[in-house]
Every structure is written in C-alpha cells, then in structure tokens.
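Geometric and topological summary
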Amino acid sequence: MHILYIITKLELGGAQKVCLSLFNALQKDHTTFLLSGHEGVLVDQVRHLNQVTLIKTFTREIGIGLFLTELKNFWHITRHIKKLKNSYPDLIVHTHSTKAGIVGRWAAWLAGVTHRVHTVHGFACHEHQKKIAWILIYLCELITSLITTHFICVSQKDIGYGSRLFPHFTHKSSIIRAAIDYKKFLRVESLPFPTTTPFIFGTIACCKPQKNLHDLIHAFAEVYQHNKNTRLEIIGDGLMRPSLEELVKTLQLNHVVTFYGWRAEVQVPMSTWHTFTLTSLWEGLPCAIIEARSMKLPVISYATGGIPEVIFHEKNGLIYPQKDRLALAHGMLELSRNQILYEQLSSFSDNLADFSDDTMHEEHKKLYASFFA
C-alpha cells in the first residue's frame with residue numbers, strides 16, 4: 001500500500017506524534033510519504049528524508065490576508081498528490097489536524113484519489129467558540145465530510161459528536177486510539193510520596209487558548225498558599241507563553257513555577273513529577289494523559305473530550321467540570337497532602353492495551369487493507 005500523510009505543523013503534540021509514528025512504522029511493509037509545513041520541533045526528525053515534503057508557507061494560521069498564499073499552497077499540494085497518484089494509483093491520503101484535514105482531503109479529491117481518510121483529534125467546532133466561528137468551521141467540515149472516505153476518532157465522545165453533526169458519520173467512522181511509545185514511558189512503580197522534597201504538579205501543553213493554562217496557574221496559586229511544599233512545571237510553548245509568564249510573576253510564583261519550553265524527550269522531566277494536570281477546554285483524547293498513566297502518575301483534569309474514558313474519579317485520577325478552578329485547586333491540594341490517596345491513584349491498574357503503538361499500527365493497516373477488499 002502507498003499512503004500520504006498530511007499535517008500542518010510538526011509541533012510536539014498528540015496528532016503530530018501519531019502521524020509520525022504511522023509514517024515511520026508502516027515503511028517496513030508499505031510505502032509512506034509525509035507532507036507538512038516546515039515549522040515545529042519535530043521537523044528535524046524528517047527533514048532529511050526523500051519521502052518528506054515541507055512547504056514553507058503551509059502554516060496553521062488562516063485569514064483573508066493569506067488568501068493568495070493559501071490558494072498557492074492548495075495548488076502545490078494538489079499537484080504533489082496528483083504526481084504521487086500517477087506513480088501509485090492505489091494511493092491513500094490520510095490527514096491529521098483541522099486545516100490540513102480540509103485542505104488535504106479536497107486536494108486529494110481534486111487529484112482523483114479514491115481513499116481519503118481523516119483522523120479527528122477533537123473537532124475544531126466546539127462550544128468555546130463564538131457562534132459565527134463555530135458556524136463557519138462547521139460548514140467547512142460538513143462539506144468536507146461529504147468527500148471523506150473514512151473518519152478515525154481517538155475517543156468515543158468524538159464518535160458521538162461527529163454522528164450528531166455529520167451525515168453518514170456513524171457508518172464511515174471507527175475508533176483507533178492515539179498510541180504512545182510505551183518503551184519510553186513505562187514505569188512499574190510511581191515515585192514515593194514526598195515528605196522532605198517538593199510535590200511536583202506537571203503538565204504538557206501548548207501555550208494557546210485550547211489548553212487554558214491560566215486556570216492551572218491560578219489553581220496552583222491557591223494550592224501554594226496552603227502548601228508551600230508544592231511546585232508546578234510546564235512543558236510547552238506558544239504565543240501565550242509571555243502572558244502566562246507575566247501571570248506567574250504577578251502571582252509571585254516565579255520561584256515555584258518552571259516553564260521548560262518544548263522538550264523532545266518529555267519523559268525526562270516527567271520522571272520527577274508526582275501528578276499530571278490538564279485544564280484543556282477541548283480535546284480528543286490527549287496522548288499526554290496516557291503517557292502520564294504509563295508512568296503511574298495520578299491525573300487531575302477537567303472532564304474534557306475523551307479524558308473520562310480513561311481517567312476515573314478517585315481511581316486513577318481526579319476529574320472536575322470544566323472551568324471549576326476552585327474544585328481543581330481543592331483536588332490538587334488534597335492530593336499533595338494525602339499520601340493514602342496518592343498511593344491509591346498511583347497504583348490503579350489501567351487497561352491501556354489499545355494505546356500501544358503496535359496496536360495502533362496494526363489497526364491502521366487493517367483499515368487501509370479493507371479499502372481494497
């Protein structure tokens with residue numbers, strides 16, 4: 001089989017990790033190609049490969065001022081796909097992320113590609129948008145859904161949401177969990193409950209509105225007022241980082257909050273954490289949650305997207321309604337003080353078999369093969 005993967009930006013996110021994992025793993029038995037923008041910390045992993053095409057002007061941003069650039073990008077991508085299809089008539093185009101998903105599927109359709117697959121890592125039309133933005137994005141997704149051969153969802157919640165929004169979604173969709181590299185994150189036992197060293201809360205998140213890090217910082221400020229033996233560490237970067245750092249400074253937390261920026265090997269700082277925290281407002285099912293549980297970290301999170309499908313309140317984590325910052329802070333404080341609760345949540349036996357990279361690769365190969373059965 002011959003598969004072209006398309007994504008907008010190779011930053012350190014779940015969609016990007018999944019895309020690169022498939023691109024690399026399926027090369028053993030099939031021919032894979034990758035098309036992406038040239039930005040992101042993961043670009044250096046693929047820049048030197050012949051099967052990779054990086055387009056400098058293919059960025060995540062959209063706007064009227066970029067209209068001519070987007071037209072050129074669309075034409076470039078369409079020609080690239082057409083060239084591949086001429087060499088490989090059975091070409092499958094598989095897109096990840098919203099913008100790449102819309103552009104890539106229409107370019108594939110125009111190029112005459114029969115099999116157009118899109119992985120939903122959480123829908124771009126969600127309740128936290130202004131209504132006009134929701135309508136515009138929904139209409140784009142609705143029209144594009146009509147030319148989509150198959151949808152892959154990473155959570156049951158996205159299956160349900162897509163089925164309500166798009167015609168025939170139920171019949172042409174399936175769940176394949178977004179996997180992680182278990183060899184990097186597997187840990188048999190959690191860290192002991194700290195008594196003389198600080199209790200560290202950690203998160204992995206882009207500094208953008210979706211991840212809602214302001215809530216996490218405010219919640220941690222409340223925790224720190226009552227327990228000075230706590231710390232917060234943030235792996236990630238983005239446009240909002242300066243404002244987040246200013247918030248930390250305003251709350252006088254500079255000495256206890258650490259911004260790491262992007263780290264390729266996130267398991268290194270994670271190995272010193274006691275708890276993983278997440279305050280996202282929209283998600284599919286973040287890979288970072290599975291990575292955290294593989295390292296036996298209790299998870300404290302808002303009940304966003306598919307997170308409650310793997311994190312169970314007072315079993316392997318603590319789950320709270322979105323934007324309930326006080327409840328989140330209460331849970332963080334309780335966990336930092338309660339050794340029995342910490343050990344209970346840490347030692348929970350998770351069933352994460354569906355999140356192994358081997359399982360994800362095999363499920364994709366089965367799906368691709370079914371197109372030609």
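Quick summary incoming for the structure in this document. Note that this is a predicted model, so its numbers are computed, not measured. (Residues numbered from 1 in each chain as written. Predicted model: local features only at pLDDT ≥ 70, side-chain atom pairs only at ≥ 80, totals over all residues. Heavy atoms only, no water.)

Moving on, we get to the overall build of the protein. What the protein contains, in helices and strands, is 13 helices and 13 strands. Its C-alpha atoms give the protein a radius of gyration of 21 Å, within 12% of the compact-globule value 21 Å for 373 residues. Dimensions of the protein, computed from C-alpha atoms along their principal axes, come out at roughly 65 × 45 × 40 Å. Counting across all 373 residues of the protein, residues that qualify as buried make up 55%. In the protein, of all internal contacts separated by at least 6 residues, the share reaching a separation of at least 24 is 70%. (Helix = DSSP H or I, 4+ residues; strand = E, 2+ residues; numbered from the N terminus. Rg over C-alpha atoms; globule rule 2.2 N^0.38 Å. Buried < 20%, exposed > 50% of the residue type's maximum accessible area, 1.4 Å probe, protein only. Contact = heavy atoms within 4.5 Å.)

Here helix α8 (residues 241–250) has its buried residues at Arg241, Leu244, Leu247 and Val248. Angular distribution of buried residues about the axis of α8 spans 120 degrees; they occupy a single face of the element. For α8, exposure combined with an orientation more than 90 degrees from the buried face picks out Pro242, Lys249 and Thr250. Where the residues of α8 are buried, they touch α7 (213–226) and β10 (257–261). (Arc of directions from axis to C-beta.)

To continue, consider helix α10 (residues 287–294). In terms of burial, α10 is a largely internal element, eight of the eight residues being buried. Here α10 has its buried residues at Cys287, Ala288, Ile289, Ile290, Glu291, Ala292, Arg293 and Ser294.

All chains considered together, the criterion is met by 16 salt bridges. Linking lysine 184 and glutamate 265 is a salt bridge whose minimum nitrogen-to-oxygen distance equals 3.8 Å. With a gap of 81 residues between them, lysine 184 in helix α6 (residues 182–185) and glutamate 265 in the loop between β10 and α9 (267–270) connect regions that are remote in the sequence. Since its relative accessible area comes to 40%, lysine 184 is described here as partly exposed. The partner of aspartate 237 in a salt bridge is arginine 241, and the shortest N-O contact between them spans 3.2 Å. (Salt bridge = Lys/Arg side-chain N within 4 Å of Asp/Glu carboxyl O.)

Another aspect to go through is the sheet that holds strand β8 (residues 199–204). Spatial ordering of the open sheet is given by β10-β9-β8-β11-β12-β13, a layout of six strands whose pairing is parallel. Either end of the sheet is taken by a strand with one partner, and the two such strands are β10 and β13 (317–320). Taking the axes of each pair of neighbouring strands and ignoring which way they run, one obtains an average angle of 20 degrees across the sheet. For β8 and strand β11 (residues 275–278), the ladder comprises two bridges, and the chain directions are parallel. Considered in β11, the bridge of phenylalanine 201 is made with threonine 275. In the packing of α10 onto the sheet, the strands contacted are β8, β11 and β12 (299–302), and the crossing angle to β11 comes to about 165 degrees. (Pairing = 2+ DSSP bridges. Axes fitted to C-alpha atoms, helices over the stretch in contact; angles between N-to-C directions.)

Here the focus is the layout of surface pockets. Volume-wise, the second largest pocket comes out at about 660 Å³. If you go around the second largest pocket, you meet 30 residues; those closest to its centre are Lys17, Ser21, Asp181, Lys184 and Asp357. Residues belonging to the lining of the second largest pocket are distributed by class as follows: 13 nonpolar, five polar and twelve charged. (1 Å grid on protein atoms, 1.4 Å probe; cavity = no way out; pocket = protein on both sides within 12 Å on 5 of 7 lines; lining within 4 Å. Points joined across faces, edges and corners; volume = space filled by probe spheres on them. Nonpolar A, V, L, I, M, F, W, Y, C, P; charged D, E, K, R; others polar.)

Next up on the list: the pairing of strand β6 (residues 150–153). Here β6 shows two buried faces, one formed by His150 and Ile152 and the other by Phe151 and Cys153. Where strand β5 (residues 115–120) meets β6, four bridges bridge the pair, whose relative direction is parallel. Looking across to β6, one finds that valine 117 is bridged to histidine 150. The β-α-β motif built from β5, the intervening helix α4 (residues 131–145) and the parallel element β6 has right-handed crossover chirality. For β6 and strand β7 (residues 173–175), the ladder comprises three bridges, and the chain directions are parallel. (Right-handed = clockwise from strand over helix to strand, strands pointing away.)

Attention shifts here to the sheet that holds β5. Overall, parallel pairing links the seven strands, which are arranged β3-β2-β1-β4-β5-β6-β7 in an open sheet. Each end of this open sheet is capped by a strand with a single partner; those strands are β3 (52–55) and β7. Across the sheet, the mean angle from the axis of one strand to that of its neighbour is 20 degrees, orientation sign disregarded.

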